[in-house]
Amino acid sequence: MTRETGRAAARTMHLNLKAGERVYINGAVVRVDRKVALELMNDATFLLEGHVLQAEEATTPLRQLYFAAQTMLIAPAQAGPARTLYAQIEEGILAATTEPAIRDGLAAAHALVEAGRAFEALKLIRGLYPAEADLLGAGRPLPEVPPAALVSPARSGPRRRPAMRARPALPSDKA
C-alpha cells in the first residue's frame with residue numbers, strides 16, 4: 001500500500017531495449033531507435049521481440065500452440081480466432097501424447113490462458129519444448145513449411161497467374 005493513497009501499489013515492469021529492438025505492448029509494435037529503458041507503470045500485456053515466434057518457425061505442435069497464444073497477446077483483435085486455434089491444437093496434442101510432462105504442462109498453460117495470463121502460458125509452453133523434442137526425436141529434421149492452420153488460405157501456396165483460356169477436359173483427366 002502506498003502512504004499517499006492507501007491503495008495497493010501497481011506492479012511496475014522495467015524493460016531494457018537495445019537500439020532497433022521491438023516490443024509488443026497491448027497489441028502495438030514499438031521499435032526503439034536507441035538503447036532505452038522503459039517502465040510500464042500499470043498492467044500491460046507485452047512481449048519482447050526475442051520471444052516472438054514467426055509463423056514459419058511454428059513447425060511442431062507445441063510451437064504452433066505457442067504461436068496461437070502469442071497471437072492473443074500481439075494481436076488483441078484476433079484473440080477470438082487465436083483462442084479457437086489454441087483449443088484445436090491443444091486438443092490434438094492431448095489426443096496424440098500420453099507424456100505426463102506435456103499433458104500436465106498443457107493443463108497448466110490452459111488454466112493460464114483461461115485466466116487471461118497468456119504471457120505466463122508462453123513461458124510454460126517454451127519450457128515444454130525439450131520434452132517435445134525428445135518425443136519427436138531430436139535427430140530428425142523438422143518440416144520447413146508452416147502448417148496450413150497458421151497461414152491464411154490466400155497465402156498458402158505459390159502465386160500463379162490466372163490461365164488465359166480454359167482447356168477442355170480430356171477423358172484421361174478423370175481419376
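Bear in mind the structure is a predicted one, so any value in this text is a computation, not a measurement. Throughout this description, residue numbers start from 1 for each chain and increase along the sequence as written. With pLDDT at 70 or above as the cut-off, local features in this predicted model cover only qualifying residues; side-chain atom pairs require 80 or more to be listed or tallied, and sums for whole chains, interfaces and linings still use all residues. Values shown for side chains rest on all heavy atoms present in the structure; no hydrogens or waters enter the calculation.

**Q** Talk me through the overall build of the protein; I want residue IDs and the actual numbers.
**A** Where helices and strands are cited, they refer to DSSP runs of H or I of at least four residues and of E of at least two residues respectively, numbered from the N terminus. A tally of helices and strands in the protein yields five helices and five strands. Taken from the N to the C terminus, the helices and strands of the protein come in the order β-β-β-β-β-α-α-α-α-α. Exposed residues in this analysis have more than 50% of their type's maximum accessible area, buried residues have under 20%, and partly exposed residues fall in between, with area computed by a 1.4 Å probe over protein chains only. Burial analysis of the protein (175 residues in total) assigns 29% to the buried set. Residue contacts follow a heavy-atom distance rule, with two residues in contact if any of their heavy atoms lie within 4.5 Å. Intrachain contacts of the protein at a sequence separation of at least 6 include 50% that bridge at least 24 residues. For every accessible area listed, the method is Shrake-Rupley and the probe measures 1.4 Å; residues are considered covered only by the protein chains on display. Here the protein displays about 12300 Å² of accessible surface, and carbon together with sulfur accounts for 55% of that area.

**Q** Can you break down the packing of aromatic side chains residue by residue, with the values?
**A** When two rings of Phe, Tyr or Trp (its six-membered ring) have centres within 6.5 Å they constitute a pair, described as stacked for plane angles under 30 degrees, edge-to-face for angles over 60, and tilted for the intermediate range. As enumerated under the stated definition, the model contains two aromatic pairs in all. Seen in terms of ring centroids, Phe46 and Phe119 are 5.4 Å apart; in terms of plane orientation they differ by 35 degrees. Their pairing is tilted. Of the two residues, Phe46 is situated in strand β5 (residues 46-48) and Phe119 in helix α4 (residues 118-127); the sequence distance between them amounts to 73 residues. Residue Phe46 is classed as buried on the basis of its relative accessible area of 11%. For Phe119, a relative accessible area of 24% translates into the label partly exposed. Whether a charge lies above a ring is judged from NZ of Lys or CZ of Arg, which has to be within 6 Å of the ring centre and within 35 degrees of the ring normal. The residue whose ring lies beneath Arg63 is Tyr129, and the NZ or CZ to ring-centre distance is 4.2 Å.

**Q** Run through the pattern of salt bridges, naming residues and quoting values.
**A** Should their charged atoms come close, side chains of opposite charge can pair. Here, a salt bridge means any side-chain nitrogen of Lys or Arg that lies within 4 Å of a carboxyl oxygen of Asp or Glu. Taken as a whole, this structure holds three salt bridges when the rule is applied. Arg117 is paired through a salt bridge with Glu120; the nearest N and O atoms lie 3.8 Å apart. Overall, the relative accessible area of 41% leaves Arg117 in the partly exposed class.

**Q** Tell me what's going on with the sheet that holds β5, and back it up with residues and numbers.
**A** A pair of strands is considered paired only if DSSP assigns at least 2 bridges between the two. Spatial strand order, β3-β2-β5: three strands in an open sheet with antiparallel pairing. Looking along the sheet, the strands with just one partner apiece sit at the ends: β3 (28-31) and β5. The mean angle between the axes of side-by-side strands here comes to 20 degrees, regardless of whether they run parallel or antiparallel. Pairing geometry for strand β2 (residues 22-25) and β5, over three bridges, is antiparallel. Paired with Ile25 across the two strands is Phe46, which belongs to β5. To define axes, lines are fitted to C-alpha atoms, for helices over the stretch in contact only, and angles between the resulting N-to-C directions are given on a 0 to 180 degree scale.

**Q** Go over the pairing of β2, please, and point to the residues and values.
**A** Judged from the four bridges that link them, β2 and β3 form a sheet pairing that is antiparallel. Each bridged residue has a counterpart across the sheet, and for Ile25 the counterpart in β3 is Ala28. Between β2 and β3, which pair antiparallel one after the other, the connecting turn spans two residues, and Asn26 there sits at a positive phi close to 50 degrees.

**Q** If you had to explain the nonpolar core to someone new, which residues and values would you point to?
**A** General note: in soluble globular proteins, nonpolar side chains tend to be found buried as a group. By size, the foremost hydrophobic cluster in this structure holds 31 residues, and its most contacted members are Leu62, Leu65, Tyr86, Ile93 and Ile125. Where this core is concerned, the elements lending two or more residues are α1 (61-74), α2 (79-96), α3 (100-114) and α4. Sort the elements by how many residues they give to this core and α1 lands first, with nine residues. Other than its neighbours up to four places away in sequence, Ile93 contacts Pro61, Leu62, Leu65, Ile102 and Leu106. Leu15, Leu17, Val32 and Leu40 belong to the second-largest nonpolar core, a separate cluster that totals seven residues. Nonpolar cores were defined as sets of buried Ala, Val, Leu, Ile, Met, Phe, Trp, Tyr and Cys residues, with membership established by side-chain atoms within 4.5 Å.

**Q** Any details on unusual backbone geometry? Residues and values, ideally.
**A** Of note, Asn26 is a non-glycine position whose phi angle comes to about 50 degrees, a positive value. Along the chain, the position of Asn26 falls in the loop between β2 and β3.

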